[in-house]
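# Topology and contacts: notes
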Amino acid sequence: MPRYHVLVNPVSGAGKAPDFVEYRVLPLLIALGIDYDVHVTKGVNDAGRIGRELLLEREQRVSEGKVKRGDVTTVVVGGGDGTAHEFMEGVLEGVRDGAQLGRWELVTLPLGTANALHSTLFPPDSVPVPLTERLEPLIAPGDMHALASLIRSLEAGVPRSLPVTQTTISSEPKPIPSHIVLSTALHANILADSEAFRAEIPGVERFKLAAAANVSVFFPAQVQLLPSAAGVRMYDPRTKDWKVLPEKEYTLDGPFGYFLSTTTTPRLEPTFVVAPTLARLPPGPHEGTMDIVVLRPLRDPAVRAASDKGAAWAPRTKEVLGAAYDDGRHIALVYGAGGTVDLSSRVPQHDEGGEPVVEVFRCAGFEWTPTDESHKKSHIVCADGSLYTIPPGGSVRAKVIESHAGEGFWVWG
Ligand SMILES: Nc1ncnc2c1ncn2[C@@H]1O[C@H](COP(=O)(O)OP(=O)(O)OP(=O)(O)O)[C@@H](O)[C@H]1O
């Protein structure tokens, strides 16, 4: 077994990573005779430093003939999504400086707050990963879910590819990689505001408070969808399948309420299934696409008719995103004849011609250009929980990186 690298972020989530690694992860590796190195993060972006160092160390060992170029580096992420993000960012920075990427296999542990990646790989209601006789005496039943990704890596098999989105913002000197989520509008602003509550409320409740502060905001912007080899597709709730959009529909005019893209994770929290198409209609390996979930308030007939449009929109957003907590039911909703939405519907409503409430696109990427320089909230971008600001007059461009066989990131799930 090759050496395992174990990252420990002592502040992620409720701060349980050091104990969990010491008492649950390391004893398992020791019992199985697997060598490991523990790397404790010392502050913001330190996981990136560790990523860069491991990449360079690997490069050195390849040049000394100690490991082969195609050999895997396994990294157990003892933290949340942000820790994995920083780590991958650091590796990719090293690649931009000229090092070869190589193959990285990540093991997730649900030690952050939202744990989007771990929840996607192992949803709360998923069947426990089966244990072989070798592991059975070593793992307590209560730890099965948290250790599921580690168990998969120890039992071998095939890890999943982890596509990376590369984002450029005119103000940022370097492109920003992300593997979970890239968003603007409501989601990015919830993250921005929820940081203020982190010390007070370590759990997901802080997101709900921040949501209330942003739910009626209209985000003025224009979006250009970037086609993949299969063009730009939009989800049709009636056929429950994609339809290919004509090129003239690649431009989306705002204002926007919600705008979020993801390549890997249908769910952002254990029960918040915001992009169910990723699970129900999974893209092929190396397809190079993202799924984008969009809410545009002025498509809503009731909002168009209202004098206080923000007040009319807020309950609609809550209803629709609330349906996402019910196994991603929001993408089945369509506007009825009078602009109503039947929120109890698990299947599309029967009203002829009703438009989908949520627009879901599958394409290679997008460009988001704020159209009101004075509207600060429409300039905020979230890449895997890290926040960036688009400068006045600027825009953000996000595109899935083409993946190469044998090189890149994989995850055990
Ligand atoms: N020693 C440290 N002191 C302070 N901050 C740290 C330290 N080590 C890492 N960090 C920072 O901790 C932040 C939070 O980590 P992470 O995102 O993994 O946890 P989380 O936000 O609780 O979980 P999730 O991303 O799953 O919601 C990261 O942005 C990272 O930069």
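Residues numbered from 1 in each chain as written. Predicted model: local features only at pLDDT ≥ 70, side-chain atom pairs only at ≥ 80, totals over all residues. Heavy atoms only, no water.

## Describing the pattern of salt bridges
Going by this rule: Salt bridge, as used here: a side-chain nitrogen of Lys or Arg that lies within 4 Å of a carboxyl oxygen of Asp or Glu. The rule is simple: take the accessible area with a 1.4 Å probe, protein chains only, and divide by the maximum for that residue type; under 20% is buried, over 50% is exposed, in between is partly exposed.
Taken as a whole and assessed by the stated rule, the structure comprises 22 salt bridges. Salt-bridge contacts for Glu 105 lead to Arg 103; the nearest nitrogen and oxygen are separated by 2.9 Å. Classification of Glu 105 as buried rests on a relative accessible area of 7%. Through salt bridges with shared partners, one network takes in Arg 296, Arg 299, Glu 355 and Glu 359.

## Overview of the pairing of strand E4 (residues 103–108)
Definition in use: Comment: elements are numbered from the N terminus, with helices defined as DSSP H or I runs of at least four residues and strands as E runs of at least two. Only when DSSP finds a minimum of two bridges between them are two strands counted as paired. Looking down the strands as they point away from the viewer, one classifies a crossover as right-handed if the path from the first strand across the helix to the second runs clockwise.
The buried fraction of E4 is high, at 6 of 6 residues. Every second residue of E4 is oriented toward a common face, with Arg 103, Glu 105 and Val 107 on one face and Trp 104, Leu 106 and Thr 108 on the other, all of them buried. Pairing analysis gives 6 bridges linking strand E3 (residues 72–78) to E4, with the strands arranged parallel. Note on E4: the bridge partner recorded for Thr 74 is Glu 105. What joins E3 to E4 is helix H3 (residues 81–96), and the crossover it makes is right-handed.

## Looking at the packing of helix H6 (residues 185–194) against helix H7 (residues 205–214)
The condition is simple: Each axis is a line fitted through C-alpha atoms, taken for helices only over the stretch in contact, and angles between the N-to-C directions span 0 to 180 degrees. Roughly parallel here means an angle under 35 degrees, roughly antiparallel means over 145, roughly perpendicular means 65 to 115, and every remaining angle is called oblique. Handedness of a crossing follows from how the near helix is turned relative to the far one, being left-handed for an anticlockwise turn of less than a right angle and right-handed for a clockwise one. Contacts are residue-level and defined by heavy atoms, with any inter-residue pair within 4.5 Å sufficient. In this classification, the charged set is Asp, Glu, Lys and Arg, the nonpolar set is Ala, Val, Leu, Ile, Met, Phe, Trp, Tyr, Cys and Pro, and all remaining amino acids, among them Gly, are polar.
For the pair H6 and H7, the least separation of the axes is 8 Å and the interaxial angle reads 120 degrees. Of the possible angle classes, the one that applies to H6 and H7 is oblique. Note on packing geometry: the crossing formed by H6 with H7 is right-handed. In contact with Leu 186, Asn 189, Ile 190, Leu 191, Asp 193 and Ser 194 of H6, H7 contributes Arg 206, Phe 207, Ala 210, Ala 211, Ala 213 and Asn 214. Classifying every residue of the contact of H6 with H7 by side-chain character gives 7 nonpolar, 3 polar and 2 charged.

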